[in-house]
Amino acid sequence: MMHARPLRRDDAATIRAALTDPGELAAALGLCDGRMGRERGAWWREGPGVIVPCPLHGGSSCHVFEGRDGAVGWSCYGCNESGDALSLVAAVE
């Protein structure tokens, strides 16, 4: 049996740095599955980011974007939740 190494303090920063493409992150999390369009439950590209169904309430109002600092973030216009790439992963999981 293989044991995972203990997490180090800089692991989260390393993971965040690797998550730089909003579309790739949303697709990897399964948020871009299904139909593309502007109706409920669908997803679409919006500038450099994507609008996807919110992982918390399901409405198509969650914007996954690249922030000014180059890091991926997200913000839902429906439930007003937001955060960084890791909090989006947590919301999906």
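Treat the numbers as computed from the prediction; the structure is a model and nothing was measured. (Residues numbered from 1 in each chain as written. Predicted model: local features only at pLDDT ≥ 70, side-chain atom pairs only at ≥ 80, totals over all residues. Heavy atoms only, no water.)

**Here we look at the nonpolar core**
Condition: Remark: nonpolar core denotes a set of buried residues (Ala, Val, Leu, Ile, Met, Phe, Trp, Tyr, Cys) joined through side-chain atoms within 4.5 Å. Buried residues are those whose accessible area, probed at 1.4 Å on protein chains only, stays under 20% of the maximum for their type, while exposed residues exceed 50% and partly exposed ones sit between those limits. In this description a helix means any DSSP run of H or I spanning at least four residues, a strand means any run of E spanning at least two, and both kinds are numbered starting from the N terminus. We call two residues contacting when some pair of their heavy atoms lies within 4.5 Å.
Core analysis: the largest hydrophobic core is formed by 17 residues, its most contacted members being A26, V52, C62, V64, W74 and L88. Put simply, the parts of the chain that give this core at least two residues each are α2 (22-28), β2 (49-53), β3 (60-66), β4 (72-76) and α3 (85-92). Apart from the residues lying within four places of it in its own chain, the contact partners of C62 are V50, I51, V52, P53, C54, P55, W74, S75 and C76.

**Quick word on the side chain of S61**
Using the following cut-off: We define a polar contact as two N or O atoms separated by no more than 3.5 Å, with the added condition that, inside protein, one atom must be a possible hydrogen donor and the other a possible acceptor, whereas residues neighbouring each other in sequence contribute only through side-chain atom pairs.
Following the sequence through the fold, S61 ends up in strand β3. Under the relative-accessibility criterion, S61 is labelled buried at 13%. A distance of 3.4 Å separates a polar atom in the side chain of S61 from the backbone nitrogen of G78. Those residues within four positions of S61 in sequence are excluded, and the remaining contacts are I51, V52, S75, C76, Y77 and G78.

**Brief notes about the sheet that holds β2**
To keep things clear, this is the line we draw: Pairing between strands requires that DSSP locate at least two bridges from one strand to the other. Axes, fitted as lines to C-alpha atoms, cover a helix only where it is in contact. Angles between the N-to-C directions of the axes lie from 0 to 180 degrees.
The five strands are arranged β1-β2-β3-β4-β5 in an open sheet whose pairing can be described as antiparallel. Only two strands of the sheet have a single neighbouring strand rather than two, namely β1 (44-46) and β5 (82-84). Here the strands of the sheet are splayed against their neighbours by 25° on average, with no regard to which way each runs. Alignment of β2 against β3, held across four bridges, turns out to be antiparallel. Within β3, the position partnered with V52 by the bridge is C62. With respect to the sheet, α3 is in contact with β3, β4 and β5, its orientation differing from that of β5 by roughly 115°.

**Let's talk about the pairing of β2**
The element β2 is largely enclosed, with a buried count of five among its five residues. In textbook terms, the turn of a hairpin is the stretch between consecutive antiparallel strands, and for β1 and β2 this stretch comprises two residues, one of which, G47, has a positive phi near 60°. Two successive antiparallel strands, β2 and β3, enclose a turn made up of six residues, where G58 displays a positive phi of approximately 90°.

**With respect to the environment of E46**
Assignment of secondary structure puts E46 in strand β1. Its relative accessible area of 33% is what places E46 among the partly exposed residues.

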